[in-house]
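Single-letter residue listing:
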Amino acid sequence: MSETLVKPAVEEGTLPILTVSGYRAEIRLNRPKVLNRLQPEDVLALRKMFSQINNNPEIRVLVLTGTGRVFSSGFHLGDLAQRRASSDAPVKAEELQDSPDNFGAMTVELENLRVPTICRLNGSVYGGATDLALSCDFRIGMQGTEMFMPAARLGLHYYSEGLVRWSHRLAPGAARKLFLTAKTISAEEMLRVGYLTELRAPENLDKTVDEWAENLAAMAPRAVEGMKQALNEIDRGEFDRVASDARNAASLSSEDVREGLAAWHEKRSPVFVGR
């Protein structure tokens, strides 16, 4: 049974849409006429949706995708320019960090989401949206798409959270090429440098995403959540070994580990309850 948690506006497409069906949540960017351009109100909506997902223990996986032929054309540069033009005062870093529509803070919340996340790249991806997708645990794209990061061409120094993420999630040298040259790369190169987890023909995209989502939802949820947290900490050089060891010890006496071992010996699929 599907439950719509955040309803779309009546117009042709505005805020993202969050739906939940069983263990699976889906967020769909919903501005197809402007190639799913992200605006400040979208950032606010996404942060609220992430909070809803974190607070719903039934959800075990999130799929992030877009409406139409492009995943997203990135953050609305017109809005950024208008904000800058409205004031002659220098922009202060702390003001950006404290803003509720801070794009970088939103991507960190997505990266740290309790459940594993899949970005279903329904088309090409540009600008800040490339980091939105990279904040997911997995990215499944289709042949014929492309991506580019135009920050250097626009005179924009990218936000720190994104630079850190790109540097440890892509193959060595890939982040430098994409950021410093603003060159467009193909889907095949996106796969080669590690941006894409899998690359599929358009007609196989949904089947592959569904298989990944079903597989992730079938895993022991507390174990997945804890290991995801540890892997994120290791990537950022912030590994809390004491907390990781405590989660490991707790798992050894959990209902889920007993179920997992029993299912292994009985050659059946386990049914985990998250305890």
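If you look the chain up in an unreviewed UniProt entry, it shows as Crotonyl-CoA hydratase from Pseudomonas fluorescens.

### What to know about the side chain of Thr145
Examined against the element boundaries, Thr145 turns out to sit in the loop between strand E8 (138–142) and strand E9 (146–148). Thr145 sits in the buried class, given a relative accessible area of 8%. Reaching out from Thr145, the side chain makes a polar contact with the backbone oxygen of Met142 at a distance of 2.9 Å. Once residues within four sequence positions are removed from consideration, Thr145 is found in contact with Gly123, Ser124, Ser186 and Ala187.

### Details of the environment of Pro16
As for its position among the elements, Pro16 is in the loop between strand E1 (2–6) and strand E2 (17–21). With a relative accessible area of 1%, Pro16 lands in the buried category.

### Comments concerning the nonpolar core
With 48 residues, the main nonpolar core has Ile27, Ile53, Phe71, Leu132, Trp166 and Tyr195 as its most contacted residues. When residues of this core are traced back to their parent elements, those giving at least two are E2, strand E3 (24–29), helix H1 (40–54), strand E4 (61–66), helix H4 (103–111), helix H5 (128–134), helix H8 (174–181) and helix H9 (187–192). Ranked by residue count, the leading element in this core is H1, at six residues. Apart from residues no more than four positions distant in its own chain, Ile27 is found in contact with Pro16, Ile17, Leu18, Leu46, Met49, Phe50, Ile53, Leu62, Val63, Leu64 and Thr65. Counting 10 residues, the second-largest nonpolar core is a separate cluster that includes Ile140, Ala213, Leu216 and Ala217.

### Overview of the sheet that holds strand E7 (residues 124–126)
Reading across the sheet, the four strands line up as E5-E7-E9-E10 and stay open at both edges, with mixed pairing between neighbours. Both outer strands of the open sheet, strand E5 (70–72) and strand E10 (185–186), are each paired with one neighbouring strand and no more. Examined bridge by bridge, E9 and E10 share two bridges and lie antiparallel to one another. Bridge pairing in E10 places Met147 opposite Ile185.

Parameters and conventions
- Here the residue index of a chain counts from 1 through its sequence in written order.
- pLDDT decides what is reported in this predicted model: residues at 70 or higher carry local features, side-chain atom pairs at 80 or more are listed and counted, and totals for whole chains, interfaces and linings draw on all residues regardless.
- To get the side-chain values, all heavy atoms of the structure are used, and hydrogens and water are removed first.
- Each helix is a run of DSSP H or I of at least 4 residues and each strand a run of E of at least 2, with the numbering of both proceeding from the N terminus.
- Only protein chains enter the accessibility calculation, which uses a 1.4 Å probe; a residue is then buried when its area is under 20% of its type maximum, exposed when over 50%, and partly exposed in between.
- Identification of polar contacts relies on pairs of N or O atoms within 3.5 Å, with a donor-acceptor requirement for protein atoms, meaning one able to donate a hydrogen and the other able to accept it, and with residues adjacent in sequence counted only if both atoms are side-chain atoms.
- By the convention used here, residues are in contact when the closest approach between their heavy atoms is within 4.5 Å.
- Definition of nonpolar core: a set of buried residues of the types Ala, Val, Leu, Ile, Met, Phe, Trp, Tyr and Cys, connected through side-chain atoms within 4.5 Å.
- Two strands are said to pair when DSSP picks up at least two bridges between them.

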